[in-house]
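Notes for the structure review
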Amino acid sequence: VRITVDRSACELHGQCVEREPRVFRFAADGSLEHPAEADESLRDGVADAQFLCPTQAIEVAP
Ligand code: SF4
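Let me sum up the structure you'll find in this document. As a convention, each chain's residues are numbered from 1 in the sequence order in which they are written. Totals for whole chains, interfaces and linings use all residues, but because this is a predicted model, local features are given only for residues with pLDDT of at least 70 and pairs of side-chain atoms are given and counted only at 80 or more. Side-chain metrics in this entry use all non-hydrogen atoms of the structure; hydrogen atoms and water are not considered.

**Comments concerning the environment of D6**
- Of note, D6 is situated in the loop between strand 1 (2-5) and helix 1 (15-19).
- Considered as a pair, D6 and V60 are 54 residues apart in the sequence and their alpha carbons are 11 Å apart. A run of H or I in DSSP counts as a helix once it spans at least four residues, and a run of E counts as a strand once it spans at least two, with each numbered from the N terminus.

Given below as C-alpha cells:
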C-alpha cells in the first residue's frame, strides 16, 4: 500500500495517528511521519485513516 499525504492539506489533527499508529505518527518536531509504503496487512487501517482524515490529505494507491 503506497501512501502519500498532502502536506499543504494536512492540519495535523491526528485522526490518522489515532486510527493507525503503526503507520502514522507525530515526530518530535510535531510533523506527521509515515512510511511511503505500508505492509498489505495494514491496508484496512490506512483506508480507515484516509476516510477519517478531515481534510482528505491522505492518498492511498495499490
Ligand atoms: S488525519 Fe489528515 S489532517 Fe489529520 S494528521 Fe492525519 S493526514 Fe493530517
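Continuing now.
**Structural notes on empty space enclosed by the protein**
- Using protein atoms alone on a 1 Å grid, points that fit a 1.4 Å probe yet trap it form a cavity, whereas open point sets bounded by protein on both sides within 12 Å along at least five of seven lines form a pocket; residues with an atom within 4 Å of a point count as lining. Grid points are joined across faces, edges and corners, and a volume is the space filled by probe spheres set on the points. One pass over the full model with this rule turns up 1 cavity of 30 Å³ or more.
- Around the largest cavity sit 15 residues that line it, and C10, L12, H13, C16 and C53 are the ones nearest its centre.
- Among the residues making up the lining of the largest cavity, the classes are represented as 10 nonpolar, 4 polar and 1 charged. Side-chain classes follow a simple rule in which Ala, Val, Leu, Ile, Met, Phe, Trp, Tyr, Cys and Pro form the nonpolar group, Asp, Glu, Lys and Arg form the charged group, and the remainder, Gly included, forms the polar group.

**Some details on the environment of R43**
- Mapped onto the fold, R43 is located in helix 2 (residues 43-52).
- Partly exposed residues are those whose accessible area sits between 20% and 50% of the maximum for their type, while under 20% is buried and over 50% is exposed, using a 1.4 Å probe and protein chains only. Overall, R43 belongs to the partly exposed group, its relative accessible area being 29%.
- Separated by 32 residues in sequence, R43 and E11 place their C-alpha atoms 22 Å apart.
- Pairs of residues are marked as contacts when any of their non-hydrogen atoms sit within 4.5 Å. If we skip the residues at most four places from it in the chain, R43 touches V1 and P62.

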